[in-house]
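Observations on the model geometry
If you want the building blocks of each chain, they are given just below.
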Amino acid sequence: MKPLILLVLSSVIMMAEGPLRGFPPEEWPARRDLESRLRAVPSSERLREYVRRMSAEPHHAGSPGSKAVAEYALGLMKSWGLDARIEVFEALLPYPVKRSLEMVEPERYTAKLAEPAISEDPDSGDAGQLPTYNAYSGSGVVTAPLVYVNYGIPEDYEYLKQLGIDVRGKIVMARYGGSWRGTKPKVAAEHGAVGCLIYSDARDDGFYQGDVYPKGAFRPPQGAQRGSVMDMPLYVGDPLSPGWASEPGSRRLSPDEAKTLMKIPVLPISYADAEPLLRNLGGPVAPENWRGALPLTYHLGPGPAAARLEVRTDMETRPVYDVLATIAGSEFPDEWVIYGNHHDAWVNGADDPASGAAALLETARALAELVKGGWKPKRTLVLALWDAEEFGLIGSTEWVEKHRDEIEAKAVAYLNTDSTGKGRLTGGASPTLDTFIREVARDVPDPVAKTSLLEAATPKPSKDKPEEKPEFRLGSLGAGSDYVAFVHHAGVASVNLTISGDSGGGIYHSIYDSFAWYSRFSDGQFVYGKAMAQVMATAVARLADAPVLPFEFDTLARAVRSYVLEIDKVAGKKSGRVSFDAVLGELKRVEKSAQRYEKQLAKAMKRAQGAPPEKLKQVNQALFRSERALLAKDGLPGREWYKNRLYAPGLYTGYSAKPLPAVREAVEAGRFDDADRYAAGVADALRTLDSQIRTATERLKDL
């Protein structure tokens, strides 16, 4: 027991030393006591049971299994006394009807396209599994020579062009990695390819990394990665209802009108099925950084290998079940703190998403226990388990589009988790919430490192530069999970967190993402899941109760300055220049306003206790609407659904964010006149943001 006692004591000492942003100092002791009681509730044993139960059967979106998981979560939340419900939407959720791949030249090989069950994992043989396919693939049959395109990103096609290799009329083979999967068929089609095969190379996701499942954690030879290839950088949600909620009877685009559907057949395959195809390619030898770990010489083609690829999907509309629970606010009921995770999986999904969904459920139970003990959150809490995230963030997006006016008026912040495992706390956030999350991570102990999650996640100084002290920083938000509609479309400051890095393994989106795999190779003791629930419960409760919302603007200003410097470097490499004078001028004003705000906040915290709720509401309205200030009314160029001028997923990066996206992508394309126009839009956004900060500062004076 001594190590545990030391851990608890060190945690208490650590918490006693740190401020609680947004709370007056005289409230800190009582606040720490409340949060300690809150963090004592989450249980590893309960997390284990949630994950076991949710991953017991396949539960892809639109299936009876998905509805069953939604009803299970609903029953739990109601049993804890929460006001919970299911909101039903519907969306285009295509399932495969036919998949076939056959090499027809120079020899015959029929791809197995199946993941075999293994005796060590009872769930790997469950009935009702979706076969390996890519949702929103084009339907059709094509026969053509093969070309190997490495990761299938734009730079790879530039290299092929230099060699005189043309993919027009060809089926390309791309390996997973280097970008989001949907980028690969998109770029292939833009270059004239008629089909796309995506495989997991053993170098990236198999025996090169370690022993394969079931002996080890990594992807076995016949394992394949399902997944959506929706063109998410254009818009997310139901492809047939961009910008409005997809409900029974609502209007729909035709599939031909939907911009996010792929036009060519796409199919994911295993590295066992890819090997004979790659072995029969000729043409130039691939450069070293294009080579995988299969026992063959990697050639580029085209041919002599040729294949017949057929993909047919049913293009059916299916139901989407969002589970939502609400705890009404006592003082500011019209200010919402929202926390979400998804519940649908491609197959059983113990890691993705049940591990994260379990953390949300334990967060919900912890908050419910606090309510039973007499706590009343000042702001309304909304806890959501979204459906159809895997297809394209559909459940969350349709909910945002349906409730857009309420979200515009009431949403304070959106917090998101997805899967979680062993390792360090990491993620992304709106810069205004970066400092807040660091404080939360400071106050939650790491379950193994015997320090705080913050300290465990902070990079260590390098041996070359020991004088430098790296800081824990959250990245920019791209398009990887259910925060997208909130931050990029509705302008709600958002956070996306996970614990990861030490699980290893390559069972992502396969039948092997099971309770057996997760128990053996990831957070088998469910201690990191408990830590994630403690983080999220602390963050949600702190946002709910802070007299002054814990937004901070200096981090945002520094982030924008770094974006400008980065784009300047890109422009210089292209012998161009962007007129950032207006942006830098507005940025200086934001920096000064941020400093004035911090000074006024410090003064206000000395007298915030007992401040009239109406005056606090005026301050907080200005604060949480700061992210709204960054939105472009007409959206980003060429993709109107995305509206945030400071960050968005890149058109060809998928999950990864592109800072100042309109400017950056214009520079990358050499369109410097457009870049100047878009920079003026960024300056407008910063001007509006500065006005919000100054308004918040003035209203603080009234406290």
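See the structure above.
Every chain is numbered on its own, with residues counted from 1 as its sequence reads. Whole-chain, interface and lining totals are the exception, using all residues; otherwise, since this is a predicted model, local features are given only for residues with pLDDT of at least 70 and side-chain atom pairs are given and counted only at 80 or more. Just so you know, side-chain values use all the structure's heavy atoms and leave hydrogens and water out.

1. Considering the pattern of salt bridges
- One speaks of a salt bridge when a side-chain nitrogen belonging to Lys or Arg is within 4 Å of a carboxyl oxygen belonging to Asp or Glu. Summed over all chains, the structure comprises 51 salt bridges.
- A salt bridge links Glu598 to Arg21, with the nearest nitrogen and oxygen atoms 2.5 Å apart. Residue Glu598 is found in helix 19 (residues 581-604), and its partner Arg21 is found in the loop between helix 1 (2-17) and helix 2 (28-39); the two are separated by 577 residues along the sequence.
- We call a residue buried when its accessible area falls under 20% of the maximum for its residue type, exposed when it is over 50%, and partly exposed in between, using a 1.4 Å probe and counting protein chains only. A relative accessible area of 12% means that Arg21 is categorised as buried.
- Notably, a salt bridge pairs Glu102 with Arg108, separated by 3.0 Å at the nearest N-O pair.
- For Arg108, a relative accessible area of 57% corresponds to the exposed category.
- Taken together, the shared-partner salt bridges connect Arg31, Glu35, Arg39, Arg442, Asp443, Arg542 and Asp545 into one network. Here a strand is any run of E in DSSP of at least two residues, a helix any run of H or I of at least four, and the numbering for each starts at the N terminus.

2. Some details on helix 3 (residues 44-54)
- For helix 3, every residue scored as buried is listed here: Ser44, Leu47, Tyr50, Val51 and Met54. Seen along its axis, helix 3 keeps its buried residues to an arc of 120°; they face one direction. Directions drawn from the helix axis to the C-beta atoms are what define this arc.

3. Topic: a positive patch on the surface
- Residues enter patches when they are more than 30% accessible in relative terms and free of salt bridges; like-charged ones are connected within 9 Å and nonpolar ones (Val, Leu, Ile, Met, Phe, Trp, Tyr) within 5 Å. In these tables, accessible area is a Shrake-Rupley quantity obtained with a 1.4 Å probe, and a residue counts as shielded only by the protein chains included in the view. When charges are tallied, Lys and Arg are placed among the positive residues and Asp and Glu among the negative ones, while His and the ends of the chain are skipped. Charged side chains are reduced to one point each, which is NZ for Lys, CZ for Arg, CG for Asp and CD for Glu. A cluster of like positive charges, contributed by Lys599, Lys603, Lys606 and Arg607, occupies part of the molecular surface.
- Residue position: Lys603 is located in helix 19.

4. Considerations on the sheet that holds strand 6 (residues 171-175)
- Pairing is mixed across the open sheet formed by 7 strands, whose spatial order is 3-2-10-5-6-7-9. Looking at strand neighbours, the two that pair on one side only are strand 3 (109-110) and strand 9 (266-269), the edges of this open sheet.
- Any two strands between which DSSP finds at least two bridges are classified as paired. With 8 bridges connecting them, strand 2 (residues 96-105) and strand 10 (residues 306-313) associate as antiparallel partners. What sits directly across from Leu101, in strand 10, is Leu309.
- Along the sheet, helix 6 (residues 183-190) contacts strand 6, strand 7 (195-199) and strand 9; its crossing angle with strand 7, the most-contacted strand, is approximately 150°. Two residues form a contact once any of their heavy atoms are found within 4.5 Å. Axis definition: a line fitted to C-alpha atoms, limited for helices to the stretch in contact. Angles are taken between N-to-C directions and run from 0 to 180 degrees.

5. Details of the nonpolar core
- Within the largest apolar cluster, 186 residues are counted, with the highest numbers of intra-cluster contacts made by Met77, Phe391, Trp399, Val548, Val578 and Val663.
- Sorting elements by how many residues they give to this core places helix 9 (residues 350-372) first, with 12 residues.
- Those residues in contact with Val663 that sit more than four places away from it in its chain are Ile567, Val578, Phe580, Ala675, Tyr678, Ala679 and Val682.
- Buried residues of nine kinds, namely Ala, Val, Leu, Ile, Met, Phe, Trp, Tyr and Cys, make up a nonpolar core once their side-chain atoms join them within 4.5 Å. One finds Leu146, Ala174, Tyr176 and Cys196 within the second-largest nonpolar core, a separate group that totals 50 residues.

6. A word on the environment of Cys196
- Tracing the backbone through its elements, the reader meets Cys196 in strand 7.
- Sequence spacing of Cys196 and Arg520 is 324 residues, and the spatial spacing of their C-alpha atoms is 34 Å.
- The residues touching Cys196, leaving out its near neighbours within four places in the chain, are Ile171, Val172, Lys184, Pro185, Ile264, Pro265, Val266, Leu267 and Leu309.

7. Regarding the sheet that holds strand 13 (residues 379-386)
- Strand order in the open sheet made by the 7 strands is 1-11-13-12-14-16-15, with mixed pairing throughout. Edge positions in the sheet fall to strand 1 (83-92) and strand 15 (423-429), since each has one partner strand and no second. The sheet shows a mean angle of 20° between the axes of neighbouring strands, direction not considered.
- Bridge count between strand 12 (residues 332-342) and strand 14 (residues 411-417): 5 bridges; the pairing is parallel.

8. Quick look at the side chain of Asp446
- Assignment of secondary structure puts Asp446 in the loop between helix 13 (434-442) and helix 14 (453-457).
- Taking the relative accessible area as the measure of exposure, Asp446 reaches 1% and is therefore buried.
- For the purposes of these results, a polar contact is taken to be a pair of N or O atoms within 3.5 Å, where, inside protein, one atom must be able to donate a hydrogen and its partner to accept one; residues adjacent in sequence count only when each atom of the pair is a side-chain atom. Separated by 2.8 Å, the side chain of Asp446 and the backbone nitrogen of Val448 make a polar contact.
- Polar side-chain contacts of Asp446 include one of 2.7 Å to the backbone nitrogen of Ala449.

9. A word on the layout of surface pockets
- By volume, the second largest pocket amounts to about 560 Å³.
- Lining the second largest pocket are 24 residues, with Tyr652, Lys658, Glu665, Glu668 and Ala669 sitting closest to its centre.
- For the lining of the second largest pocket, the secondary-structure elements that each account for two or more residues are helix 5 (154-162), helix 18 (554-573) and helix 21 (661-668).
- Here the lining of the second largest pocket takes 6 residues from helix 21, the largest share from any one element.
- Each residue gets one of three labels, nonpolar for Ala, Val, Leu, Ile, Met, Phe, Trp, Tyr, Cys and Pro, charged for Asp, Glu, Lys and Arg, and polar for the others, Gly among them. Among the residues forming the lining of the second largest pocket, the class breakdown is 12 nonpolar, 3 polar and 9 charged. A cavity here means a set of points on a 1 Å grid, drawn over the protein atoms and nothing else, where a 1.4 Å probe fits but cannot get out; a pocket is an open set with protein on both sides within 12 Å along at least five of seven lines, and a residue lines either one if it has an atom within 4 Å of a point. Grid points are joined across faces, edges and corners, and a volume is the space filled by probe spheres set on the points.

10. Brief notes about the environment of Ala328
- Tracing the backbone shows Ala328 in the loop between strand 11 (317-327) and strand 12.
- A relative accessible area of 57% places Ala328 in the exposed class.
- For Ala328, the residues in contact, after removing those within four places along its chain, are Pro377 and Thr380.

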